[in-house]
Each structure stands twice: as C-alpha cells, then as structure tokens.
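# Examining the three-dimensional arrangement
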Amino acid sequence: MSVIKAVKKNKSYSIYADDEYYGFLYKRDLKELSLDVSDKDEFYVEDVSEDTLEDIKALVIRRAFDKAVGYATTCECSSGMIRNKLRLKFYPDYAIDSCIQMMYEYNYLNDERFIESYARCYMNSKSRFLIERELRSKGVDLSEVERILDEVYADNNLSDEEIIASLIERKFRGQDLNDERVKRRVAQFLVRHGFTFDKINNYLT
C-alpha cells in the first residue's frame, strides 16, 4: 500500500505517491478513483493500492495523449516538440514516453512526414545547413534527415545559391550591391539565415 499526497494548484491537484510525482488530476478524477477528497490545499490519502496507482497513471497518460493529439492536429509536429510542450504542462516523463509511443502507433507522429513538411516550409528562406541543424534539435530520426532533404531539394531543383539570389531580390531589391554598407547588411542577413561566408562571398563578389 502507498500514501498519496495531493497538492492543490489552481484547479488541479499535483499527485505524489510515496514522494514520486505521478502527474496532476482534478477533483472529479479523485472522486472517480474512489479517493477521499479534502477541501484543503494539501492532503494525504493512505493505504492506496497498486491497482489505484496504475489507474492514476492510465488517466494521466490519457490526458497527455489527448493534449498531444490537439497539438498534432493543428500543425505537423516532431516527437521532440510534443515532448517539450507536454513538459511545459507538467506531465511526468512516464506519461510523455507512453504518449509519444502511442502517437507513432496511430500515425499522429511520422518523422519522414515531419522532415519533408519542415523542409518544404523553410527551404526558400533558410539554408539547407540551417534546416538540417534545426531538424536535429527536434527529436526526429536523424538517419532519415539527409536522405529526405536530398529528395526534397532534388524534387524542387533548388540550390543554396538560388535561394540566396531569391532572398536578396526580395529583401534588397533596388539597392546597390556594390555599396559596401549594403553588402554588409546583405551578408549579415544571409548569415542569420544559415548561409556560409563562402557561399555569400561567392555571390557578392
């Protein structure tokens, strides 16, 4: 048997079982689980069975999954993005891990689809190097990144040099690229978008 501590936070209760954080529940959840509910901001429930603890975990996982699906249906997400969003909502790691596994199983998460979508969204405004670096920070299957980017760039017949030319045309149209001050602004702009000095200098000289 375990002891549960419930600490009120806004409209929910942070739940600890033998000092381990289990997630948060609402008052109705506690009643549903047949746990004695107090009106105090902090209270304890003794002699809690293992079955009840498993029921608490299942409920927290379900809530995390519902929240994650909401994120994934508004935009294409990676597992790293979902993980960060759920952590900000104070879901425990066991719930996040289970939730992400379920999302892959139900195809709410798909690394290949996310990589392709991300590349197509930013390929006209960022260097391939920067896109690849950003993808590597988002929790996707790294073994797939280079292959999928190769395919996307080949499909669009697009190179960094062409993207540089397009960005300069859009941002600095009508300005004298032979003016050193303009050149510096162009170079700084392109560096922020992930292009190397070699490629920038090749275009500007």
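Each remark here, short or long, concerns the structure printed above.
Values in this document were obtained by computation on a predicted structure and should not be read as measured data.

### Looking at the packing of helix H2 (residues 50-74) against helix H4 (residues 93-105)
Following both chains from N to C, one finds H2 and H4 inclined at 55 degrees, their axes separated by 8 Å at the closest point. Judged by the angle between their axes, H2 and H4 are oblique. At the point where H2 passes H4, the crossing takes the right-handed sense. Two secondary-structure elements touch here, H2 through Ile56, Lys57, Val60, Ile61, Ala64, Phe65, Ala68, Val69 and Ala72 and H4 through Tyr94, Ala95, Ser98, Cys99, Met102 and Met103. Per-class residue counts for the contact of H2 with H4 are 13 nonpolar, one polar and one charged.

### Considering the packing of aromatic side chains
One pass over the structure, following the stated rule, counts 10 aromatic pairs. Through a chain of ring-to-ring contacts, three or more aromatic side chains come together here, namely Phe24, Tyr26 and Tyr91. The side chain of Lys57 reaches across the aromatic face of Tyr22, ending 5.3 Å from its centre. Positioned above the aromatic ring of Tyr71 is the side chain of Lys85, whose terminal nitrogen or guanidinium carbon lies 5.0 Å from the ring centre.

### A few points about the layout of surface pockets
Its boundaries defined by the atoms lining it, the largest pocket holds a volume of some 310 Å³. Lining of the largest pocket is provided by 14 residues; of these, Lys9, Ser12, Phe24, Lys89 and Phe90 occupy positions nearest its centre. Of all the secondary structure elements, the ones that give two or more residues to the lining of the largest pocket are strand E2 (12-17), strand E3 (20-26) and H2. Taken together, the residues of the lining of the largest pocket break down into six nonpolar, three polar and five charged.

### A few points about the state of the cysteines
One pass over the structure, following the stated rule, counts zero disulfides. Cys99 takes part in no disulfide bond, and the closest cysteine sulfur to it belongs to Cys77, at a distance of 11 Å. Taking the relative accessible area as the measure of exposure, Cys99 reaches 0% and is therefore buried. With no disulfide partner, Cys121 has as its closest neighbouring cysteine sulfur the one in Cys75, 10 Å distant. For Cys121, a relative accessible area of 53% translates into the label exposed.

### Some remarks on the side chain of Ser14
Tracing the chain through its elements places Ser14 in strand E2. Judged by relative accessible area, Ser14 falls into the buried class, the value being 12%. If near-sequence neighbours (up to four positions away) are discounted, Ser14 is found in contact with Lys5, Ala6, Val7, Lys9, Tyr21, Gly23 and Phe24.

### A closer look at the nonpolar core
Grouped together as the largest cluster of nonpolar side chains are 36 residues, with contacts concentrated most on Ile4, Ile56, Ile82 and Leu86. For this core, the elements supplying multiple residues, two or more each, are strand E1 (2-9), E2, E3, strand E4 (42-48), H2, helix H3 (79-88) and H4. With 11 residues, the top contributor of residues to this core is H2. Of all hydrophobic cores here, the second largest spans 26 residues; its members include Ala119, Leu135, Ile148 and Phe189.

Cut-offs and rules
Each chain has its residues counted from 1, running along the sequence as written. It should be noted that, the model being predicted, local features are given only for residues of pLDDT at least 70 and side-chain atom pairs only at 80 or more, the latter also being counted only at that level, while totals for whole chains, interfaces and linings use all residues. Side-chain measures here rest on the full set of heavy atoms in the structure, leaving out hydrogens and waters. For helices, the axis comes from a line fit to the C-alpha atoms of the stretch in contact; other axes are also lines fit to C-alpha atoms, and the angle between any two N-to-C directions lies between 0 and 180 degrees. The way it works is that DSSP assigns letters per residue, a run of H or I at least four long becomes a helix, a run of E at least two long becomes a strand, and they are numbered from the N terminus. By the definition adopted for this analysis, an angle is roughly parallel if under 35 degrees, roughly antiparallel if over 145, roughly perpendicular if from 65 to 115, and oblique otherwise. Helix crossings get a hand from a simple test, with the near helix turned counterclockwise from the far one by less than a right angle marking a left-handed crossing and a clockwise turn marking a right-handed one. Residue contacts follow a heavy-atom distance rule, with two residues in contact if any of their heavy atoms lie within 4.5 Å. All amino acids are sorted into three groups, where Ala, Val, Leu, Ile, Met, Phe, Trp, Tyr, Cys and Pro are nonpolar, Asp, Glu, Lys and Arg are charged, and the leftover types, Gly among them, are polar. Two aromatic rings from Phe, Tyr or Trp, using only the six-membered ring of Trp, form a pair when their centres are within 6.5 Å; if the ring planes differ by under 30 degrees the pair is stacked, by over 60 it is edge-to-face, and anything between is tilted. Counted as over-ring charges are cases with an Arg CZ or a Lys NZ within 6 Å of the ring centre that also lie within 35 degrees of the ring normal. A 1.4 Å probe that fits into a set of points on a 1 Å grid over the protein atoms alone but cannot get out defines a cavity; an open set with protein on both sides within 12 Å along at least five of seven lines defines a pocket, and lining residues are those with an atom within 4 Å of a point. Grid points are joined across faces, edges and corners, and a volume is the space filled by probe spheres set on the points. Any pair of cysteine sulfurs within 2.5 Å is marked as a disulfide. Between buried and exposed lies partly exposed: a residue is buried under 20% and exposed over 50% of the maximum accessible area for its type, with that area taken using a 1.4 Å probe on protein chains only. Take the buried residues of types Ala, Val, Leu, Ile, Met, Phe, Trp, Tyr and Cys, join any two whose side-chain atoms come within 4.5 Å, and each joined set is a nonpolar core.

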